[in-house]
Amino acid sequence: MEIETKCLHAGYEPKNGEPRMLPIVQSTTFKYDSSEEMGKLFDLKANGYFYSRLQNPTTDAVAAKIAALEGGSAAMLTGSGQAATFLSVFNIAGAGDHVVASSTIYGGTFNLFNVTMRRMGIDFTFVDPDCTDEELEAAFRPNTKAVFGETIANPALIVFDIERFAKAAHAHGVPLIVDNTFATPINCRPFEWGADIVTHSTTKYMDGHDATVGGVIVDSGKFDWMAHADKFPGLTTPDESYHGITYATQFGNGAAYITKATAQLMRDLGTVQSPMNAFMLNLGLESLPVRMERHCANAQKIAEFLESSDKIAWVNYPGLKSGKYYERAKKYLPNGSCGVVSFGVKGGRAAAEKFMAGLKLGMIATHVADARTCCLHPASSTHRQMNDEELLAAGVAPDLVRLSVGLENADDLIADIKNALAAL
Ligand SMILES: *Cc1c(COP(=O)(O)O)cnc(C)c1O
C-alpha cells in the first residue's frame, strides 16, 4: 500500500459484519473466563487486553497505523508529545547516563531534557545541528545512550541532517531518536535515513484540527540491542518486575523496545492516550496526506509573497530557494516540508506586535500545525521575560513571527497579511 492508502486502511481491518469505522472501545478493563488466562496476559506470555493503562484495542489500532506510516515495526500512543519524548529517552537511559541532543529542538523538549531529566540524573550535551564532525564526535561519552534531533526544528525551521547524525550515533553503538512532528511521515520517514526511533506530538498535523493533545513513539525495529548489550541493560538483562523477562531475547529487535515502554514505563507512569482521543487522532490521520499537501502549497505561496514584500526583513522557510536549508530539504523533504513559516517584520518587536494585531484570519495562538492559520510572536508571549539580547542568544529574534499556515484559500491569507502590513 502507498502511504495515502495506509492512512485509511492500516491498523484496522474489519471482519465480516464488524464496524467499518474504528470502534471506540471505551472500557478500562476486559473480562476473562479464568484467572489462569489473565495470568498469562500479566506475564506477557499471551497477547490480549486486560487494562487500558497498558493496552486498548482503539489506541493499539491507531498506533499500528502510525507504525505503518513511518515504516516501523511497533508503536505506542502517549497522552502528549511531551510524554512521547520523555518515554522515548527514559526507556533506554537512566540516572548516570548521557544523551546527545540537537540544540535547536522544541522549547518544551529542551526544558524537559535540560531541567527535569537532569534532575533525574540523566546528563545532556546539546550540539548545534550544523556543528563540525569534530564537535559532534566530542559530544559522545562512554555513558552516552542516545542521540536526539528534530526533522524540522520548531520554531527555528532548521532541517536536521538525519543521515549524518544516524551514522555518528551508530558509530558509538547507540540509536538516533528523531522527533518527526513538523514533517509528518507524509513528507519524511526518518527510518529511511537511518533513524532508529521516531516520536511525534500528534497534537499537531496528525490530529490537525486543534482537537486533541497526544503523542506517539515508533520503533524501526532495526536497532540491535543485543549487539550493544552492555549499554542497554534494561532491554538485555532480566526485568525483575516481569518475572525475569529479557525483552530483547523474548521479543526480538522488532518488538523489544515498545514492549518494554508499554509493559514497564506505561504501567508505572500511566501517561496513556484515551480511546476517545485516539479515535479523533485517527480521523485526522485519514486526511493527513491531503492536508499536508495543502499546508505546504499555502506556506510556499505565503513565504514567496513575504520575501517579495519591502516591509519584511527576512523569511525562513525550507521551501525557499534563498534559504540556508533548501538543498537539505530537497534531500529529506522532496515533496514539501511543513506549513510553518517564520519571518521578521521591519521595525522589530513593536512592528511585529502591530502586524499580528492587524491580522484577521491569522489568529494569535500558541498552537502550530493546525487547520486554521495561527501566529505567535515569541518575544511578547512564550519568551516575553527575555530582553532583546537574551532572545538572540536563544535563537529567537525580537522581530520573529511564527506563522502556522492553515488550509484556508491562500489568496485570502495573503490578503489578510497585506492588510496587516499596510497598517504598519
Ligand atoms: C508541540 C511539540 C511537542 C510537544 O507536544 P505536546 O503534544 O504539546 O506535548 C514536541 N515536539 C514538537 C516538535 C512539538 O511541536
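Conventions we followed
- The numbers attached to residues start from 1 for each chain and follow its sequence in the written order.
- Only residues with pLDDT of at least 70 get local features here, since the model is predicted, and only at 80 or more are side-chain atom pairs given and counted; chain-wide, interface and lining totals rely on the full set of residues.
- Excluding hydrogens and water, the side-chain values take into account all heavy atoms of the structure.
- UniProt positions are given in the numbering used here, feature names are shortened, and annotations may be inferred rather than shown by experiment.
- Think of it in three bands: with a 1.4 Å probe and only protein chains considered, a residue is buried below 20% of the maximum accessible area for its type, exposed above 50%, and partly exposed in between.
- By definition, any uninterrupted DSSP run of H or I lasting at least four residues is a helix, any uninterrupted run of E lasting at least two residues is a strand, and each is numbered from the N terminus.
- In protein, a polar contact means a hydrogen-donor-capable atom and an acceptor-capable atom, both N or O and within 3.5 Å, with residues adjacent in sequence counting only if both atoms are side-chain atoms; elsewhere, any N or O pair within 3.5 Å suffices.
- Contacts were defined at the residue level, with two residues in contact if any of their heavy atoms lie within 4.5 Å.
- One heavy atom suffices: a residue is near a molecule or strand as soon as one of its heavy atoms comes within 4 Å of it.
- Surface exposure here means Shrake-Rupley accessible area, sampled with a 1.4 Å probe, where a residue is shielded only by the protein chains that are shown.
- Gly is put with the polar residues, along with every residue not named as nonpolar or charged; the nonpolar set is Ala, Val, Leu, Ile, Met, Phe, Trp, Tyr, Cys and Pro, and the charged set is Asp, Glu, Lys and Arg.
- The start and end points of each domain follow an automatic or database-based domain assignment.
- Summed over both partners, the accessible area lost on bringing two parts together, with a 1.4 Å probe, is the buried area.
- By salt bridge we mean one thing: a side-chain nitrogen of Lys or Arg within 4 Å of a carboxyl oxygen of Asp or Glu.

An unreviewed UniProt entry lists the protein under the name O-acetylhomoserine sulfhydrolase, with Treponema saccharophilum DSM 2985 given as the organism. According to the UniProt record, the Sequence similarities (unreviewed entry) comment for the protein is "Belongs to the trans-sulfuration enzymes family." Recorded in UniProt for the protein, the comment headed Cofactor (unreviewed entry) runs: "pyridoxal 5'-phosphate".

Some points on helix α4 (residues 81-90)
Extensive coverage of α4 is indicated by the burial of eight of its 10 residues. Listed in full, the buried residues belonging to α4 are Gly81, Ala83, Ala84, Thr85, Phe86, Leu87, Ser88 and Val89. Capping of α4 at its N-terminal end is provided by Ser80; its side-chain oxygen lies 3.4 Å from the backbone amide nitrogen of Gln82.

Comments concerning the environment of Ala256
For Ala256, the location among the structural elements is in helix α10 (residues 247-269). For Ala256, a relative accessible area of 0% gives the class buried. For Ala256 and Leu8, which are 248 residues apart along the polypeptide, the C-alpha to C-alpha distance reads 27 Å. Once you skip the residues sitting within four places of it in the chain, Ala256 turns out to touch Trp225, Leu235, Tyr247, Ala248 and Phe251.

What to know about the site of the ligand
Lining the immediate environment of the ligand, one finds 14 residues, of which Gly81, Asp179, Ser201, Thr203 and Lys204 sit closest. A distance of 2.7 Å separates a nitrogen atom of the ligand from a polar side-chain atom of Asp179. Between the ligand and the protein, one listed contact pairs an oxygen atom with a side-chain N or O atom of Thr203 at 2.6 Å. In isolation the ligand exposes 380 Å². Once the protein is present, 92% of that is buried. Partitioned by chemical class, the residues of the shell around the ligand number three nonpolar, eight polar and three charged.

Remarks on the side chain of Thr151
Take Thr151: it is sitting in the loop between β4 (144-150) and α7 (162-171). In terms of polar contacts, Thr151 uses its side chain to reach the side chain of Asn180, at 2.8 Å. Residue contacts for Thr151: discarding those within four places in its chain leaves Ile158, Val159, Phe160, Ile162, Val178, Asp179, Asn180, Ala183, Cys188, Pro190 and Leu333.

Quick look at α7
Among all positions in α7, only Ile162, Arg164, Phe165, Ala166, Ala168 and Ala169 are buried. Check the buried side of α7 and you find it contacts β3 (123-127), α6 (133-139), β4, β5 (176-179) and α13 (326-332). Among the residues trailing α7, Gly173 stands out with phi positive, at a value near 70°.

Observations concerning the domain arrangement of the protein
Domain boundaries assigned for the protein yield domain 1 (3-283) and domain 2 (289-422). A straight line from the C-alpha centre of domain 1 to that of domain 2 covers 30 Å. Summed over both partners, the interface of domain 1 with domain 2 comes to about 2,700 Å²; 60% of that surface belongs to carbon and sulfur atoms. Sorting the residues of domain 1 by area buried against domain 2 places Leu157, Asn187 and Tyr205 first, and these three jointly supply 28% of that buried surface.

Some details on the side chain of Ser102
Structurally, Ser102 can be placed in strand β2 (residues 98-102). Here Thr104 takes part through its backbone nitrogen, which lies 3.2 Å from a polar atom of the side chain of Ser102. For Ser102, the residues in contact, after removing those within four places along its chain, are Phe126, Val127, Pro129, Phe148, Gly149 and Phe160.

So, the pattern of salt bridges
The full count for this structure, using the stated rule, is 13 salt bridges. Notably, a salt bridge pairs Lys324 with Asp130, separated by 3.5 Å at the nearest N-O pair. Highlighted residues: Lys324 in the loop between β8 (312-316) and α13 and Asp130 in the loop between β3 and α6, separated in sequence by 194 residues. Accessibility expressed as a relative area gives 69% for Lys324, which makes it exposed. Exposure remark for Asp130: the relative accessible area of 28% places this residue in the partly exposed category. In this structure, Arg267 and Asp268 form a salt bridge, with 2.7 Å as the shortest nitrogen-oxygen distance. Here the salt bridges do not stand alone but share partners, grouping Arg118, Asp123 and Arg141 into one network.

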